[in-house]
Amino acid sequence: MLKMSNISKIFRTRLIETHALRSFNLTVNDGEFIAVTGPSGSGKTTFLNIAGLLEDFDTGQYMLDGEDISGLPDKSRSKLRNEKIGFIFQSFNLIPDLNIFDNVDVPLRYRDMGAGERKDRIESALENVGLSSRAKHLPAELSGGQQQRVAIARALAGSPRFLLADEPTGNLDSLMARQVMELLESINDQGVTIIMVTHDPELARRAHRNIYLLDGQISDLEEVTQLPLNQNQSQSQRADHAAI
Amino acid sequence: MEIRPILSAMFRNKLGAILIATQIAVTLAIICNGAFIVYKRYQTMNRPTGMDIENIFAITSEGIGSNHNARAVAAQDLEVIRAIPGVIAASNASSVPLSGSGWGETMQTTLDDNAPTTGTGVYMMSDQAIETLGVNLISGRNFTPDEMLYRDENSGQIPNVIMITQALSDQLFPDENETALGKTVFFDSRPIEVIGIIEHMHGSWVTWDALAQVSIIPVLTLSNQTRYMIRTEPGMRDQVMPQVEEALANVNSQRILRQLRSLEEFAARSYAGDNTIAVVMMTVIVLLVIITAMGIIGLVSFLVNQRTKQIGTRRALGAQKFHVIRYFLVENWLITTIGLSVGLVLTILLNMYLVEHFEMPRLDRIYLPIGLVAIWCLGFIAALGPARKAAHVSPAIATRTV
């Protein structure tokens, strides 16, 4: 479970202060698929960065799987990111000089994991996204949709509990976007909690729950998905709404 | 360790790596050979002379007029010099060792036309030669005053006795059990008895192979010009030098006193060429090391800046700061190692060229491992700064559109 209580984040320059998040509260239950929407500058990326331990926050409390993140040293945060969180980026963020196999291998290399186990995981992850045959290709030799699937394989190879996606379809055409979305849904079906930042209301509607951010806070204009949920998810969703 | 992916990435962007590896190869070749040249030069400059070089100086007196009585002047001058506090011994000297100027002669053990001859640097000095030079007489005896030969400037007369260095003795009598002491040898084809063996002494010409083959004969050549060598108590040389000049001027003003120089100064002048080469070579080495270090810093900094987003992504995927630093250090280590591998071959080829064309000795093997380790360390230190900077890239960069 991911729980943020009264999280605030202010970006300061010499002249101005920007409140990216203001007393932000959110609880995400295990297995949920949440879409975060909102206008540019509303704090979506800041929220995702803090949720993914990429950035610190100024005040508040953040519990990830029961562990208080506040004040954790960089090493522990890196370890948590590596073991519990998978990232999918808008521009894929594949390493251009490494082939697909080595790209998926990147997060696994930061674990004390033998070469054999890493190979099995990489092959399995690539198979899951349908790119086994492209293991020796360079990212530039793949289409945008394929590159994003590699990024998803990279995120999944480490068996994360949380998958954070930042505009995962932002650079894809509609057909590829739909394929990626279907892939995310199937991953979510396997029990991985997904938080997805998107501008696309179509995609957002496919999530279990929508969070609408405005000026660093969850807005009252919050939308709720219209897709059918199973009983458990509906209950957890309702509990979450109460918490917000 | 990520050696395979690093190598794989490196080979896809190889221009920068090739340039730095080439620079490292050239640096190793020049540093090893340059350091060897410097070492050899300093070794030559600092080899033992056998003399008390720090406490010896010389002065030349040139009498004016035709009534100059060289023998009397020399006797009086030496008496005055020896009376100066701090002076251990003083002697006339036909030339100054290590000065680049002197008299050479041939010696042989028999007068047979086919008998081998050997060269020697000859010094005409007084019975205080041994004390004045501070050399070690290991066998035989010193000259006595009555063995002194006072001869005219144009006379070819030689005395009956001679002291020679061990090196010359060994050259004349190569048999291990034989020594020149007590034997009559032929000095410029004339017989002369060896009465003393000096352990070691350098002659005048520092580049001469037979530099240590030195002879001293008890002679004062009677001419207007007399050179004196003076040895002082340790540390008193600089104080005594002007006193000697003043005393000689006072005792006889009808002369010119010149070339008041320490033996160290004579040696420094003789070794000026070696010293210049050593300094130039060291400067080249230092500059090359700085340029190579800057090249490495430049390349690693460039790679860090070029890969900012990639570093952020790696951090987002779980890389700790240590992993980022290690990545760049390993990458740089690989480039350095490739450069050094090529550099090893280049070093040996350069040395072979120098041996063939400049009569340089063959490179001591120890220079290669020392050079390798030194450049590995240089590469590590140079890459550490940019690598640490890379480690400070925020993982949040990964979600920004850079």
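Every chain's residues receive numbers from 1 upward, in the order its sequence appears when written. Chains carry letters from A onward and ligands carry numbers from 1 onward, assigned in written order. Local features are withheld for residues below a pLDDT of 70 in this predicted model, meaning they are given only at 70 or higher, and side-chain atom pairs are given and counted only at 80 or more; totals for whole chains, interfaces and linings count all residues. Where side-chain values are given, they derive from all heavy atoms of the structure, hydrogens and water being excluded.

Only DSSP runs of H or I reaching four residues or more are called helices, and only runs of E reaching two or more are called strands; each is numbered from the N terminus. Helix and strand content of chain B: 11 helices and 12 strands. At 32 Å, chain B has a C-alpha radius of gyration far larger than the 21 Å of a compact globule built from 402 residues. Taken along its principal axes, the extent of the C-alpha atoms in chain B is 100 × 55 × 30 Å. Within chain B, contacts between residues separated by at least 24 positions form 82% of all contacts whose residues are at least 6 apart in sequence. Where accessible areas are quoted, they stem from the Shrake-Rupley method and a 1.4 Å probe; at the residue level, only the protein chains shown are allowed to cover. Of the roughly 18,700 Å² that chain B leaves accessible, carbon and sulfur atoms contribute 57%. Seen as two clouds, the 30 positive and the 34 negative side-chain charges of chain B have centres 25 Å apart. As a reference, a globule follows 2.2 Å times the number of residues to the power 0.38, and the radius of gyration itself is taken over C-alpha atoms. In what follows, residue pairs with any heavy atoms lying within 4.5 Å of each other are defined as contacts. Charged residues are defined here as Lys and Arg on the positive side and Asp and Glu on the negative side; His and the ends of the chain fall outside this count. To locate a charge, take atom NZ for lysine, CZ for arginine, CG for aspartate or CD for glutamate.

In this section: the overall build of chain A. A tally of helices and strands in chain A yields eight helices and 10 strands. Think of it in three bands: with a 1.4 Å probe and only protein chains considered, a residue is buried below 20% of the maximum accessible area for its type, exposed above 50%, and partly exposed in between. The burial tally for chain A puts 56% of its 244 residues in the buried class. Intrachain contacts of chain A at a sequence separation of at least 6 include 69% that bridge at least 24 residues. Put simply, chain A shows about 10,500 Å² of open surface, and 46% of that area lies on carbon and sulfur atoms.

Domain boundaries shown here were taken from an automatic or database domain assignment. Splitting chain B by domain gives domain 1 (3–46 + 273–399) and domain 2 (65–253). For domain 1 of chain B and domain 2 of chain B, the distance between their C-alpha centroids amounts to 54 Å.

This next bit is on the sheet that holds strand β5 (residues 67–68) of chain A. All names here are of chain A. Taken in spatial order, the four strands line up as β2-β1-β4-β5 in an open sheet, and their pairing is antiparallel. Unpaired on one side and paired on the other, β2 (17–28) and β5 mark the two borders of the sheet. Helix axes use the C-alpha atoms of the stretch in contact, all axes being lines fitted to C-alpha atoms, and the angles between their N-to-C directions lie in the range 0 to 180 degrees. Sitting on the sheet, helix α1 (residues 44–51) touches β1 (2–12), β2 and β4 (59–64), and the angle it makes with β1 is about 120°. Only strands that DSSP links by at least two bridges are regarded as paired with each other.

Residue and element names in this part refer to chain A. Two rings belonging to Phe, Tyr or Trp (six-membered ring only in the last case) form a pair when the distance between their centres is within 6.5 Å. Interplanar angles under 30 degrees mark stacking, angles over 60 mark edge-to-face geometry, and anything in between is tilted. Considering all chains together, one arrives at nine aromatic pairs over all chains under this definition. A centroid spacing of 5.1 Å and a plane angle of 40° characterise the contact between Phe24 and Phe47, whose relative ring orientation is tilted. Of this pair, Phe24 sits in strand β2 while Phe47 sits in helix α1; the two residues are 23 residues apart in sequence, bridging distant segments of the chain. Judged by its relative accessible area of 1%, Phe24 is buried.

On to the nonpolar core. Soluble globular proteins tend to bury their nonpolar side chains together. Residues and elements named next belong to chain B. Grouped together as the largest cluster of nonpolar side chains are 49 residues, with contacts concentrated most on Ile296, Ile311, Val324, Phe328 and Ile335. When contributions to this core are tallied by element, the ones reaching two or more residues are α1 (3–12), α2 (14–45), α8 (272–306), α10 (321–358) and α11 (367–391). Among the elements that line this core, the one with the most residues is α11, at 10 residues. Here Ile296 is in contact with Ile20, Ile24, Asn332, Gly379, Ala382 and Ala383, once residues within four sequence places are set aside. For the purposes of this section, nonpolar cores are sets of buried Ala, Val, Leu, Ile, Met, Phe, Trp, Tyr and Cys residues that join through side-chain atoms within 4.5 Å.

What follows concerns the pattern of salt bridges. For this document, the term salt bridge refers to a Lys or Arg side-chain nitrogen within 4 Å of an Asp or Glu carboxyl oxygen. Counting across every chain of the model gives 25 salt bridges over all chains. Across the pair Arg206 of chain A and Glu185 of chain A runs a salt bridge, and its minimum N-O distance is 2.9 Å. Residue Arg206 of chain A is found in the loop between α7 (201–205) and β9 (209–214), and its partner Glu185 of chain A is found in helix α6 (residues 174–189); the two are separated by 21 residues along the sequence. In this structure, the salt-bridge partner of Glu265 of chain B is Arg269 of chain B, at a minimum N-O distance of 3.5 Å. Here Glu265 of chain B and its partner Arg269 of chain B are both found in helix α7 (residues 263–270), four residues apart, which amounts to about one turn of the helix. Under the relative-accessibility criterion, Glu265 of chain B is labelled partly exposed at 33%. Through salt bridges with shared partners, a single network forms among Asp30, Asp65, Lys84 and Arg161 of chain A.

The next thing to look at is the interface of chain B and chain A. Listed by partner, the interface residues are 26 residues for chain B and 26 residues for chain A. Here chain B and chain A share two salt bridges between them. Ionic pairing is found between Arg4 of chain B and Asp102 of chain A, a salt bridge with its closest N-O pair at 2.7 Å. Polar contact is the term for a pair of N or O atoms within 3.5 Å; when the atoms are in protein, one must be able to donate a hydrogen and the other to accept it, and sequence-neighboring residues count only if both atoms are side-chain atoms. The interface formed by chain B and chain A includes 10 residue pairs in polar contact (both at pLDDT 80 or more). Only α1, α9 (308–316) and α10 of chain B provide two or more residues apiece to the side of chain B that touches chain A. Among the elements that take part in the side of chain B that touches chain A, α9 of chain B stands out by supplying six residues, more than any other. The classification used treats Ala, Val, Leu, Ile, Met, Phe, Trp, Tyr, Cys and Pro as nonpolar, Asp, Glu, Lys and Arg as charged, and all other residues, Gly among them, as polar. Classifying every residue of the side of chain B that touches chain A gives nine nonpolar, nine polar and eight charged.

Working note: non-glycine residues mostly have negative phi, and peptide bonds are mostly trans. Residue and element names in this part refer to chain B. With a phi angle near 70°, Leu98 is a residue other than glycine that sits in the positive phi range. Within the secondary structure layout, Leu98 lies in the loop between β2 (87–92) and β3 (103–108). Given a relative accessible area of 0%, Leu98 falls into the buried group. Phi is positive for Ser189, which is not a glycine, with a value near 70°. With respect to the secondary-structure elements, Ser189 resides in the loop between β8 (184–187) and β9 (190–198).

A few words now on the sheet that holds strand β3 (residues 33–37) of chain A. Strand pairing within a sheet occurs via backbone hydrogen bonds; the two strands may be parallel or antiparallel. Residues and elements named next belong to chain A. Strand order in the open sheet formed by six strands is β6-β7-β8-β3-β9-β10, and the pairing between neighbours is mixed. Unpaired on one side and paired on the other, β6 (85–88) and β10 (217–218) mark the two borders of the sheet. Across the sheet, α1 touches β3, β6, β7 (162–166), β8 (193–197) and β9, and the angle it forms with β7 is around 155°. In the packing of α6 onto the sheet, the strands contacted are β3, β6, β7 and β8, and the crossing angle to β8 comes to about 150°.

Our next topic: the pairing of β3 of chain A. In the case of a regular strand, side chains alternate between the two sheet surfaces. All names here are of chain A. Most of β3 is tucked away: five of the five residues are buried. Of the two faces of β3, both are covered, the one formed by Phe33, Ala35 and Thr37 as well as the one formed by Ile34 and Val36. Note: β3 against β9, four bridges, orientation parallel. When the sheet's bridge partners are listed, Thr37 is paired in β9 with Tyr212.

Another point: the environment of Val289 of chain B. Residue and element names in this part refer to chain B. You can see Val289 is positioned in helix α8. We classify Val289 as partly exposed; its relative accessible area is 26%. Distance from Val289 to Ser66, taken between C-alpha atoms, is 63 Å for residues 223 residues apart in sequence. Sequence-distant contacts of Val289, defined by excluding residues within four places in its chain, comprise Ile31 and Leu378.

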